[in-house]
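# Overview (structure and organization)
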Amino acid sequence: MPSIHRRQFLQKTGLGAGSLLLGFPAIVRGQNLNSRINVACIGVGGKGDSDVNDAAKCGGTIVALCDVDRRFLDKKAGQFPEAKKFADYRKMLSELGSSIDAVTISGPDHMHGPAAMMAMGMGKHIYCQKPLTQTVFEARELKRIAAEKKLATQMGNQGSAADGLRRAVEVIHAGVIGAPKELHVWSNRPIWPQGMDRPQGSSPVPGHLDWDLWLGPAAERPYVDKAYHDFAWRGWTDFGTGALGDMACHTVNMPFRALKLGYPTVVECEMASRIYSESYPLTSRIRFEFPERDGLPPLKFWWYDGAPDKEFKPLRPYPNIVKDVVAMKGSLPPSGCLIIGEKGILFSPDDYGAQFFLQLEGETKFTKGEDHEAVKAVPQSIPRSPGHNQEWFDMMKNGTPAYSNFDIAGYLTEIILLGCIALRVGEGVRMDWDGPGMHSPNCPQAAQFVKRNNRPGW
């Protein structure tokens, strides 16, 4: 990333010293800061259920609810009886138009980009669940539109609001572990069906589900009971982003900020279990290589995923990398993050990066971050959060940027989705990457996975 773009990136996302205000105007259709914000919610089951509640708790007026599954829609409407109900978000946005200020998006991954693009094109402020999008192209577009229209945005990786995550970023920026050389992140996902061929046959579509709307921009396929809806979609390449999309927006969030990661120059799936044409593998190890940036040396990042059981052992970091973690914890935690620097190691055993431990040169064990003497000397440089959802409302009202606004969430999502592309081009294929150009100069087969060809109307 060019240095001038990186400086702007650090300033806008609050990663560097300096002003936090981006010059976004206060909103609510020109009313005063105490005005209620009218919120429409797309996807109100699962995580969408709590996203609707959080928007209301932050002072939003829930004016519309949208879900393709009438069970979820009717249940949520019972809590917000004055909200209008819709199955098709396109109809909701078109019909309600200027009466909506903001939109939450909490459906399956493949719906995030199209729904956000339509709403943002109408000038709506967006809270979108992670991963921000299903494709690299969509992530780039949402970042661009948010900046052009000066919209208040926030991605739903709620660990961004944790004091511990922000403290870990400050500690690494202060040079406590020295120049970072390696990053290792692992996850116990998937915990949903994955690593298989498409099921054969079809099932009757239940009366409570609009299957065509559920498919949205994805290619048509028969409905099969319990194969996709309502929590079985993550492992399918047409609908989800696998373990990377589900968890890396959480587990890579802290190191992404702390290590000032821009675009990688190389991405490769080093190892994986059997790779299927339409679903992600049960376990994988992916390597990302980052160049020098802001005075930091080149860095390699390894991602590992897979859910262990009695017979299946997922790929994990090399034993010599994690032996001290195992000694401290008794076993390797289900998920974690290790940042290895020239002067020490920072370890986070938390999905959200909210906790961290340090082991510096000459030390024989890890110490809890806030108890380490080296940490006590590091000044606070990043403002603490009033709450992840509240940040979005504050950004709408007074322009203070949310910590995971699309300017940073777009970058993080692009990096993560490159891992999904690496899985799809195949094991052992080195994919050089031109970040600004969104293409691989040596791996032309990657192009088909950068942008999806949506169905007509989507």
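Residues numbered from 1 in each chain as written. Predicted model: local features only at pLDDT ≥ 70, side-chain atom pairs only at ≥ 80, totals over all residues. Heavy atoms only, no water.

Under an unreviewed UniProt entry, the name given to the chain is Gfo/Idh/MocA family oxidoreductase, and the source organism is Luteolibacter flavescens.

Moving on: the overall build of the chain. Each helix and strand counted, the chain has 14 helices and 15 strands in total. In terms of C-alpha radius of gyration, the chain reaches 22 Å, essentially the compact-globule figure of 23 Å for 458 residues. Along the three orthogonal principal directions, the C-alpha set of the chain runs to about 65 × 55 × 40 Å. Here the chain holds 458 residues, and the buried ones make up 60% of them. Counted over contacts in the chain with a minimum sequence separation of 6, partners at least 24 positions apart contribute 68%. Accessible surface, the chain: about 18,000 Å² in total, of which carbon and sulfur atoms supply 51%. (Helix = DSSP H or I, 4+ residues; strand = E, 2+ residues; numbered from the N terminus. Rg over C-alpha atoms; globule rule 2.2 N^0.38 Å. Buried < 20%, exposed > 50% of the residue type's maximum accessible area, 1.4 Å probe, protein only. Contact = heavy atoms within 4.5 Å. Areas by Shrake-Rupley, 256 points an atom, 1.4 Å probe, with all protein chains shown as cover.)

As a further point, take the UniProt feature "domain: Gfo/Idh/MocA-like oxidoreductase bacterial type C-terminal" (unreviewed entry) in the chain. The positions UniProt marks with the feature "domain: Gfo/Idh/MocA-like oxidoreductase bacterial type C-terminal" (unreviewed entry) are residues 202–252. End C-alpha to end C-alpha, residues 202–252 measures 38 Å, and it is 29% helix and 0% strand. (UniProt positions renumbered as here; feature names shortened; annotations may be inferred.)

Here the idea is simple: oppositely charged side chains can pair when their charged atoms come close. Summed over the entire model, instances satisfying the criterion amount to 32 salt bridges. A salt bridge links Arg167 to Glu170; its shortest N-O distance comes to 3.0 Å. Of this pair, Arg167 and Glu170 both sit in helix H7 (residues 163–173), 3 residues apart, roughly one helical turn. The two residues Arg167 and Glu170 agree in class, both being buried. Two residues, Glu270 and Arg287, come together in a salt bridge whose shortest N-O distance is 2.8 Å. Here Glu270, found in strand S8 (residues 266–272), pairs with Arg287, found in strand S9 (residues 284–290); they are 17 residues apart in sequence, far enough to count as distant. Residue class for Arg287 comes out buried when judged on its relative accessible area of 9%. Each of Asp109, Lys130, Arg189, Arg234 and Asp246 takes part in a single network of salt bridges with overlapping partners. (Salt bridge = Lys/Arg side-chain N within 4 Å of Asp/Glu carboxyl O.)

Here helix H6 (residues 136–149) is 14 residues long and its end C-alpha atoms lie 20 Å apart, about the 20 Å a rise of 1.5 Å per residue gives. Here H6 has its buried residues at Val136, Glu138, Ala139, Arg140, Glu141, Leu142, Lys143, Ile145 and Ala146. Buried residues in H6 make contact with helix H5 (109–121), strand S6 (153–156) and helix H14 (406–425). Of the residues flanking the end of H6, it is Lys150, one or two places downstream, whose phi is positive at about 55 degrees. (Expected span 1.5 Å × (residues − 1).)

Our focus in this paragraph is the UniProt feature "domain: Gfo/Idh/MocA-like oxidoreductase N-terminal" (unreviewed entry) in the chain. The UniProt record annotates "domain: Gfo/Idh/MocA-like oxidoreductase N-terminal" (unreviewed entry) at residues 37–155. The annotated region residues 37–155 carries 47% helix and 24% strand content, and the separation between its end C-alpha atoms amounts to 18 Å.

So, about the sheet that holds strand S14 (residues 367–368). What the 9 strands build is an open sheet, ordered S14-S13-S12-S11-S7-S10-S9-S8-S15; its pairing is mixed. Among the strands making up the open sheet, the edge pair consists of S14 and strand S15 (431–432). Both strand S13 (residues 357–360) and S14 contribute to a ladder of 2 bridges, which runs antiparallel. Opposite Phe357, over in S14, you have Lys368 as the bridge partner. Contacts from helix H9 (residues 242–251) reach strand S7 (180–186), S9, strand S10 (299–305) and strand S11 (336–341) within the one sheet, and its direction differs from that of S10 by about 130 degrees. Docked against the sheet, H14 engages S8, S9 and S15, running at close to 125 degrees with respect to S9. (Pairing = 2+ DSSP bridges. Axes fitted to C-alpha atoms, helices over the stretch in contact; angles between N-to-C directions.)

Time to look at the packing of H5 against H6. A packed helix pair is summarised by two numbers, namely the angle formed by the two axes and the spacing between the axes. Following both chains from N to C, one finds H5 and H6 inclined at 15 degrees, their axes separated by 10 Å at the closest point. It follows that H5 is roughly parallel to H6 by the angle criterion. With respect to the hand of their crossing, H5 and H6 are arranged in left-handed fashion. For the pair H5 and H6, contact is made by Gly113, Pro114, Ala116, Met117, Met120 and Gly121 and by Glu138, Glu141, Leu142, Ile145, Ala146 and Lys149, respectively. (Parallel < 35°, antiparallel > 145°, perpendicular 65-115°, else oblique. Left-handed = near helix turned anticlockwise from the far one by under 90°.)

This part is about the nonpolar core. Within soluble globular proteins, side chains that are nonpolar generally end up buried alongside one another. Ranked by size, the top nonpolar core spans 104 residues in total, and within it Met254 and Trp303 carry the most contacts. In terms of residue count, H14 provides more of this core than any other element does, 14 residues in total. What Trp303 contacts, discounting residues up to four positions off in sequence, is Val185, Ser187, Ala243, Leu244, Met247, Ala248, Thr251, Val252, Ser284, Arg285, Ile286 and Phe288. With 21 residues, the next largest nonpolar core counts Ala55, Cys58, Ala102 and Ala152 among its residues. (Core = buried A, V, L, I, M, F, W, Y, C linked by side-chain atoms within 4.5 Å.)

Turning next to the packing of helix H4 (residues 89–96) against H5. Close contact between H4 and H5 brings their axes to 11 Å; oriented N to C, the two are set at 10 degrees. Comparing their axes, H5 and H4 come out roughly parallel. In this structure, H4 contributes Tyr89, Arg90, Leu93 and Ser94 to the contact, and H5 contributes Met111, Pro114, Ala115, Met118 and Ala119.

What follows is about the pairing of strand S2 (residues 60–66). Within S2, 5 of the 7 residues are buried, leaving the element largely enclosed by the surrounding structure. Where strand S1 (residues 37–42) and S2 come together, 6 bridges link them in parallel fashion. When the bridges of S2 are listed, Ile42 appears paired with Cys66. At this point the chain moves from S1, through helix H2 (residues 47–57), to the parallel S2, and the crossover so formed is right-handed. (Right-handed = clockwise from strand over helix to strand, strands pointing away.)

This brings us to the confidence of the model for the chain. Note that predicted coordinates carrying low pLDDT should not be read in detail. Model confidence for the chain is summarised by a mean pLDDT of 93, while 93% of its residues fall at 70 or above. Here residues 1–22 is a poorly scored stretch, pLDDT under 50, and it has 40 contacts once near neighbours within four places are set aside; other chains count. Ignoring residues within four places in sequence, the model shows residues 28–32, a span with pLDDT below 50, making 8 contacts including any to other chains. (pLDDT = per-residue confidence, 0-100.)

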